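If you want the building blocks of each chain, they are given just below.
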Amino acid sequence: MSSPAHSAALFGPPAPTEDRKPPLAAAARSAPTTAALRLSGTGPGCAQARAFTERTLAAWQLDGCVDDALTIVSELVANALTHARPDPAAETEVWLKLTLRTAHLVCAVTDPDTAVPTCRPTTDALDENGRGLRIVDALSEHWGWTRRALKGKTVWAMLPTGRPSWNGGTATA
């Protein structure tokens, strides 16, 4: 399993979202498109995150990475809701942010917990817990976490979108 990367440079300012899809060449050179959702810090948060991700990726015409994105978002949100709540009875503010970059989709979940995300060792092959970040690692091209300035962290994963990237004016796949 690869070690998670730490980078604060993944997220630029949000770009305005358009209702129509721009030509591919223009889209590849434009600023990232971003969609964000504040999740209720309770059980329905995972369902909210999945529905939001599905709607957003449909609007961005990213049918090819929907299944992997839904799984990654589910795992990241479940981890935040399970491990980042200091008081299980209190609601925790958790944010989901999807960013469409030139050739990647970045799925990021921000929570108030300062604990470093780790892959827990599993001793039982049928154990239901402790596999979330391993799944994220297997499905994403890169994943990592970024510490927030005041408190908390953002855990993110990057998926290739299948769209060409631009390198000095020439498209690369």
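Residues numbered from 1 in each chain as written. Predicted model: local features only at pLDDT ≥ 70, side-chain atom pairs only at ≥ 80, totals over all residues. Heavy atoms only, no water.

A closer look at the sheet that holds strand β2 (residues 94-100)
Hydrogen bonds between backbone atoms are what pair the strands of a sheet, whose relative direction is either parallel or antiparallel. Spatially, five strands are ordered β1-β2-β3-β5-β4 in an open sheet, and the strand pairing comes out antiparallel. Edge positions in the sheet fall to β1 (33-39) and β4 (142-147), since each of these pairs with one other strand and no more. Across the sheet, the mean angle separating the axes of adjacent strands is 15° when strand polarity is ignored. Across the sheet, helix α3 (residues 66-83) is in contact with β1, β2, β3 (104-111) and β5 (153-160); its angle to β3 comes to roughly 15°. (Pairing = 2+ DSSP bridges. Helix = DSSP H or I, 4+ residues; strand = E, 2+ residues; numbered from the N terminus. Axes fitted to C-alpha atoms, helices over the stretch in contact; angles between N-to-C directions. Contact = heavy atoms within 4.5 Å.)

A few points about the nonpolar core
Core analysis: the biggest nonpolar cluster contains 31 residues, and Trp60, Leu96, Leu98 and Leu105 have the highest contact counts within it. Listing elements by their share of this core, those giving two or more residues are β1, α2 (44-59), α3, β2, β3, α4 (132-139), β4 and β5. Sorting elements by how many residues they give to this core places α3 first, with nine residues. Not counting residues within four places of it along the chain, the set of residues in contact with Leu105 comprises Leu57, Trp60, Leu62, Cys65, Ala69, Leu98, Thr99, Leu100, Ala157, Met158, Leu159 and Thr161. (Core = buried A, V, L, I, M, F, W, Y, C linked by side-chain atoms within 4.5 Å. Buried < 20%, exposed > 50% of the residue type's maximum accessible area, 1.4 Å probe, protein only.)

A word on the state of the cysteines
Taken as a whole and assessed by the stated rule, the structure comprises zero disulfides. Considering cysteine sulfurs only, Cys107 is the nearest to Cys65, which forms no disulfide, with 7.6 Å between them. Overall, Cys65 belongs to the buried group, its relative accessible area being 5%. Residue Cys107 is classed as buried on the basis of its relative accessible area, which comes to 0%. (Disulfide = S-S within 2.5 Å.)

Side note on α4
Among the residues of α4, those classed as buried are Gly132, Leu133, Val136 and Asp137. Within α4, the buried residues cover an arc of 135° as seen down the axis, which keeps them to one side. (Arc of directions from axis to C-beta.)

Overview of the pairing of β2
Burial runs high along β2: five of the seven residues are buried. In terms of strand pairing, β1 meets β2 through seven bridges, oriented antiparallel. The residue bridging Arg38 from the neighbouring strand is Trp95, located in β2. The pairing of β2 with β3 spans six bridges and is antiparallel. Along β3, the bridge assignment pairs Lys97 with Ala108. Linkage of β2 to β3, two consecutive antiparallel strands, is achieved through a turn of three residues.

Looking at the environment of Ile135
With respect to the element layout, Ile135 can be found in helix α4. Taking C-alpha positions, Ile135 is 8.2 Å from Thr71, a pair spaced 64 residues apart along the chain. Apart from the residues lying within four places of it in its own chain, the contact partners of Ile135 are Thr71 and Glu75.

Section: the side chain of Thr110
Position of Thr110 relative to the elements: it lies in strand β3. One polar contact links Thr110 to Thr154, side chain to side chain, over a distance of 2.7 Å. Every residue in contact with Thr110, bar those within four places of it in the chain, is listed here: Glu93, Val94, Trp95, Arg148, Lys153 and Thr154. (Polar contact = N/O pair within 3.5 Å; in protein donor to acceptor, adjacent residues only side chain to side chain.)

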